[in-house]
Amino acid sequence: MKTIKGFVKKYWITVLIFAGLVLLYYYVADVKMLNPYLFPTTEKIAAAFESNKEVMLTNMLASFKLLIPSVFLSLVIAVIFGTIMGLNKKIREALHPVIYAFSVIPSILLSPFVLLLSPTLLSASIFLVVYNIVWATLFATITGIMTIDKRYLDKAATLELTGIKRFMKVILPAASPSILAGFVNSLRSSFVMLVFAEMYGGGSGMGYFVKKNSELGVFANTWVGFIFMVVVLVVVMQIFEKVKEQLLKWTID
């Protein structure tokens, strides 16, 4: 009961905003103020959701099958290279201009080459998602490592902590607020690239469902896919925010 009261107290304004948007759409769609072909009534959208719920769940699993390894791979790459560059000034000065030059190239511009050169559509999609989301976490890792209080490293040297033990016990925890902040931004942008990869390089997934139905002109299904994708994104981000709060509990007053 306390959990429900706490949720209502925290999100009642958010709930009212979303409820207002739903009511606004209900009004403008049902009285046909907008093109009924592009903006079907709420009854049609509800019926489309009921008839496609199993298909959407299948597509959601397909999206996660692409998203989870991509996010994990990008995090590993960012932490490894970010730690090396953050700890070594010479390597950082040599490589920073290079990674910055690559980071400003939109992954969408690379997609035609990647789709043609990759052996499978799955590998192409994973590459595009990783390329799109790795940079924010990488730069955040470099910044987090560079700004570690030198006293932590001096104490680690006094305790004779070296190698992986020094990294796991001192460097990673000290840099984790910056790394996780960058990772949150990466996670948000990952959904954008995920949808693009599924639309143009996949045969399943939430983005593919939206594109297929929009091309067929079934806009009730398109709206259902869009709303479902937004709900999934919000839920995933909320889950990660809770995980982040637990991981960074020691930094919260």
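Because the structure is predicted, anything quoted here is derived from the model rather than measured.

Criteria and cut-off values
Residues numbered from 1 in each chain as written. Predicted model: local features only at pLDDT ≥ 70, side-chain atom pairs only at ≥ 80, totals over all residues. Heavy atoms only, no water. 1 Å grid on protein atoms, 1.4 Å probe; cavity = no way out; pocket = protein on both sides within 12 Å on 5 of 7 lines; lining within 4 Å. Points joined across faces, edges and corners; volume = space filled by probe spheres on them. Helix = DSSP H or I, 4+ residues; strand = E, 2+ residues; numbered from the N terminus. Nonpolar A, V, L, I, M, F, W, Y, C, P; charged D, E, K, R; others polar. Axes fitted to C-alpha atoms, helices over the stretch in contact; angles between N-to-C directions. Parallel < 35°, antiparallel > 145°, perpendicular 65-115°, else oblique. Left-handed = near helix turned anticlockwise from the far one by under 90°. Contact = heavy atoms within 4.5 Å. Expected span 1.5 Å × (residues − 1). Bend = angle between axes of the 7 residues up to and from the residue. Buried < 20%, exposed > 50% of the residue type's maximum accessible area, 1.4 Å probe, protein only. Polar contact = N/O pair within 3.5 Å; in protein donor to acceptor, adjacent residues only side chain to side chain.

What about the layout of surface pockets?
Taken as a whole, the largest pocket holds about 780 Å³ of empty space. Taken together, 20 residues form the lining of the largest pocket, with Phe 18, Val 22, Ile 227, Val 230 and Val 231 sitting closest to its centre. Among the elements of the structure, helix H1 (2-30), helix H2 (42-87) and helix H9 (219-247) are those that each provide at least two residues to the lining of the largest pocket. When residues of the lining of the largest pocket are assigned to their parent elements, the largest contribution, 10 residues, is made by H1. Looking at side-chain class alone, the lining of the largest pocket contains 17 nonpolar, three polar and no charged residues.

Some details on the packing of helix H8 (residues 206-216) against H9
The contact between H8 and H9 brings their axes to 8 Å, and the two run at 160 degrees. Looking at the two axes, H8 sits roughly antiparallel to H9. Between H8 and H9 the crossing geometry is left-handed. Here Met 206, Gly 207, Phe 209, Val 210, Asn 213 and Ser 214 of H8 come into contact with H9, specifically with Phe 219, Asn 221, Thr 222, Gly 225, Phe 226, Phe 228, Met 229 and Val 232. Residue classes in the contact of H8 with H9 are distributed as eight nonpolar, six polar and no charged.

Some points on helix H3 (residues 89-103)
Here H3 spans 20 Å end to end across 15 residues, near enough to the 21 Å set by a 1.5 Å rise per residue. Along H3, the sharpest kink reaches roughly 40 degrees, centred on Leu 95 and followed within four residues by the proline Pro 97. Where H3 is concerned, the buried positions are Arg 92, Ile 99 and Ser 103. Along its buried surface, H3 packs onto H2 and helix H5 (121-146). For H3, the N-terminal capping position is held by Asn 88, with its side-chain oxygen 3.1 Å away from the main-chain nitrogen of Lys 90.

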